[in-house]
Amino acid sequence: MRNLLFCTLLTAVAASVSPAQTVRGIKTFIAMGDSLGEGVQSGDSNSATQPNSYLKLVASRLRVPFPLPLIATSPIATVESTDHRSRILASTQSPNLAVSGADTGSALTDQADGVVNEEVDLVLSPRIGAQIDVAETMPSDLMVYWLGNNDALSAILAFDQLDASQLTPVNVFYANLDEGLRRLKAAGKTKVVVGNLINIPQIAFTFDATQLRAFAGSDFGLAPGSRTSLIAALLLRSGIAPANLLQSPAWVLDANELATIQTRIDSFNAIIAERAAFYGYPVVDVKAAFDAYMANPPIVAGVPVTNQFNGGMFSLDGVHPSNTGHALVANLFLATINQAYGLALAPYSQSELDTIGASDPFLDLDGDGVVRGRPLKGLFETLGPLFGVSGDTEGPVLAPVAGPQKATAALARYHQLMGITSPQGTPMEQAVRMFKQIVSWGPKR
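Scoring rules and cut-offs
Residues numbered from 1 in each chain as written. Predicted model: local features only at pLDDT ≥ 70, side-chain atom pairs only at ≥ 80, totals over all residues. Heavy atoms only, no water. 1 Å grid on protein atoms, 1.4 Å probe; cavity = no way out; pocket = protein on both sides within 12 Å on 5 of 7 lines; lining within 4 Å. Points joined across faces, edges and corners; volume = space filled by probe spheres on them. Helix = DSSP H or I, 4+ residues; strand = E, 2+ residues; numbered from the N terminus. Nonpolar A, V, L, I, M, F, W, Y, C, P; charged D, E, K, R; others polar. Expected span 1.5 Å × (residues − 1). Buried < 20%, exposed > 50% of the residue type's maximum accessible area, 1.4 Å probe, protein only.

Requested: an account of empty space enclosed by the protein, with residues and values cited.
Space left empty within the atom packing is revealed by a probe, the size of a water molecule, rolled over the atoms. Enumeration according to the criterion identifies four cavities of 30 Å³ or more in this entry. When its volume is computed, the largest cavity comes out at roughly 190 Å³. Taken together, 19 residues form the lining of the largest cavity, with Leu36, Asn149, Ile198, Phe314 and Val319 sitting closest to its centre. Where the lining of the largest cavity is concerned, the elements lending two or more residues are α2 (35-38), α7 (150-157), α12 (286-295) and α13 (323-341). When the residues that make up the lining of the largest cavity are grouped by side-chain class, the tally is 13 nonpolar, five polar and one charged. Estimates place the volume of the second largest cavity at around 50 Å³. Lining the second largest cavity are Ile198, Asn199, Gln202, Ile203, Phe290, Met294, Asn307 and Phe314. Grouping the amino acids of the lining of the second largest cavity by side-chain chemistry returns five nonpolar, three polar and no charged.

Structure follows, in structure tokens:
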């Protein structure tokens, strides 16, 4: 509740400022991006998650109006589907153009067409066109462009086809990024801040052997230097998956595959640095910051914020930032904006971060490995307590315990919610289908 009030206050302040109150020379602020910018958390984007995005926090420091394309959701919704999700105010033309699932290519081509049956329609309506088309027509004294995460993320999200084959080719990434930045420059966008990419395998969606052992009680034979997914970890801990699951290479990213992903991300970041410099745009070094956070976790609300699952940096899905994670990202963008454009925007202070963290549903305040979550705001949040990863009180009550009985209940609840009366296949096959529906926020290949 405190977090909701905090975000509501930020929204009210940003919406009510007068021109005299705005930051020097900055009256309009827009952004292109992906699910991080849209405000996805725990596999859904909705009016409870969107106000926590780093873009909203940056806009609040800029003291500019930044109305969001707020989305109503349901307990069975997932982002990337408009089923059970709708715009609260369909007429709002938001300056936040970030669309979940967008990569450097789809931001140029994936168009809202007036029929709300895709995420791009849900976010950009009532306008027509792709993110870049809309951005070109909008006034902006300052703009954020942070795309490219999804050009690598599919290699992680393909939890039962892990082979590093889903990465965008380097030449395609170069062409897409260059076209996006070139068009912004041609449209007169002189102040644009570009974000680079963290090492995707380091996010909380993946587990090494040590992390898997801590989470599931065994490493299940996961080789040193390899990683598996959150989905595999949940299936193994619950007893749904066979104990030899990780003997299948399809469920494991080995050291060579991880190196392939890292090399590709390094190439992407080199392209971002070179092309941004060519067009005169500064780069937020998100990668360096997250590397530093891993080495020295920031302390928020008295808790070390780590990149591990339920470690506080990410929401329940292990991919999208928590409220705390978004605030830390906002500070990175604020610092670069200040340095590049001579502003003096105040970062979110330790006191403000502590306030955000204390009410963050994804910060494990009592250290038992289970978070409060945001009940019923999307399918993953609905099922989280049944898998023993959310639903904690952060108090003296013992955290939920996962096990076969819990997993059976989770599957049964899923089938009930989805109206599936005769589920087909084994529990393992049923669970894989369920998680493929939940993990649906990546780009479509």
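Run through helix α8 (residues 170-186), naming residues and quoting values.
Between its first and last C-alpha, α8 extends 24 Å over 17 residues, near the 24 Å set by a 1.5 Å rise per residue. Buried within α8 we find Phe173, Asn176, Leu177, Asp178, Gly180, Leu181, Arg183 and Leu184. Immediately downstream of α8, the backbone of Gly188 shows phi near 90°, a positive value.

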